[in-house]
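Coordinates in review
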Amino acid sequence: QAAKPHVVVLATGGTIAGAGASAANSATYSAAKVPVDKLLAGLPELGQVARVSGEQVFQIASESFTNEHLLTLARRVSALSKQADVNGIVITHGTDTLEETAYFLNLVVRTTKPIVVVGSMRPGTALSADGALNLYDAVSVAASQDAAGKGVLVTLNDEIQSGRDVSKTVNIKTEAFKSQWGPLGMVVEGRNYWFRAPVKRHTSASEFNIDEIQSLPAVDIVYGYGNMNTTGIDAYGKAGVKALIHAGTGNGSVAAQAVPALRALRANGVQVIRGARVPDGFVLRNAEQPDDQYDWVVAHDLRPQKARILAMVALTKPQDAKSLQRIFWEY
Ligand SMILES: NC(=O)CC[C@H](N)C(=O)O
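Worth saying up front: this structure is predicted, and the values here are computed from it rather than measured.

Rules and cut-offs
Residues numbered from 1 in each chain as written. Predicted model: local features only at pLDDT ≥ 70, side-chain atom pairs only at ≥ 80, totals over all residues. Heavy atoms only, no water. UniProt positions renumbered as here; feature names shortened; annotations may be inferred. Helix = DSSP H or I, 4+ residues; strand = E, 2+ residues; numbered from the N terminus. Buried < 20%, exposed > 50% of the residue type's maximum accessible area, 1.4 Å probe, protein only. Arc of directions from axis to C-beta. Salt bridge = Lys/Arg side-chain N within 4 Å of Asp/Glu carboxyl O.

Topic: the UniProt feature "domain: L-asparaginase N-terminal" (unreviewed entry) in the protein
- Sequence positions flagged by UniProt for "domain: L-asparaginase N-terminal" (unreviewed entry) are, in local numbering, residues 6-197.
- Secondary structure content for residues 6-197 is 23% helix and 24% strand, while the C-alpha to C-alpha distance between its ends is 24 Å.

Observations concerning helix H6 (residues 259-267)
- Buried within H6 we find Val 259, Ala 261, Leu 262, Leu 265 and Arg 266. End-on, the buried residues of H6 take up no more than an arc of 165°, which puts them together on one face. Structural note: H6 exposes Pro 260 and Ala 267 on the side pointing more than 90 degrees away from its buried face.
- Gly 269 sits one or two residues past H6 and shows a positive phi near 95°.

Examining the pattern of salt bridges
- Applying the stated rule across the entire model yields 13 salt bridges.
- Across the pair Arg 76 and Glu 55 runs a salt bridge whose closest N-O atoms are separated by 2.8 Å. A residue pair is termed long-range when its members are at least 10 positions apart, and Arg 76 in helix H2 (residues 67-81) and Glu 55 in strand S2 (residues 51-60) qualify at 21 residues.
- By relative accessible area, which is 28% here, Arg 76 ends up partly exposed.
- Between Arg 303 and Asp 280 there is a salt bridge, with its nearest N and O atoms 3.5 Å apart.

Put into structure tokens, the structure is as follows:
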């Protein structure tokens, strides 16, 4: 019998490594408690699909991820992806910012080997805990050749999602991760069932490479709402951000009183990226605001937190608004 594929599990914390006081605690518990060795030892079924080894990279709740964490993790994933004895990589992660890390890896790790980011909504100590099956699914997808070249993937709730498209959409239920474009496929009992493939550039086809990125530029987000003011916009400008994402209302609309502040930022060289607080759809260029005239960029279908990731990665190289917009269309 041929040797099983080797999958490395990089553990970063989150609820999938969480523990609560009682089995009834599905929502009240401490994240990032269980070490990776214990996580893997508790799931001997993994041996049916792969030879698994674990590394504890961090042990944190994902809302505390910083750019430094992203860089450290991506460098490790990149190094492992170049090892001939590694067939796939799984990252266990808190669900709160899982979609940001998955998209970051999708943009900067140059490999066709499967990379799967996984989390859970309930700690392993809870009734109907979802982490064990999610992790089993992640390892089995990472071990399969048909998952290669599809970009960074996310497995929760039996679904295989694109790390680019997926977002956390519910903060309690186990079917928390959704994409308006739908999952790529499903994973059931260690077998993948594919229905679509990503068309945006990713991983091996990316112009970005973590091996060449030393640091990430400051990119922040301001939220649009009724009675909008410019306090946040002005403060981020003073703080020296390289780009500011405006999470606008509707189709990325911007309050009249906020437009001059954003234009002043742009005049100072800051990239202004018009996103939307509406979860689905996509922002149309030159609708709601004259982007060509203001030299602004639209975030396409990326939610503000994903637009921030792409803007940081893009601005590791010099960009004018035109080249930045090209990147937002392509990735
Ligand atoms: N379900 C979760 O993983 C949330 C736990 C925690 N807030 C985190 O993101 O790490």
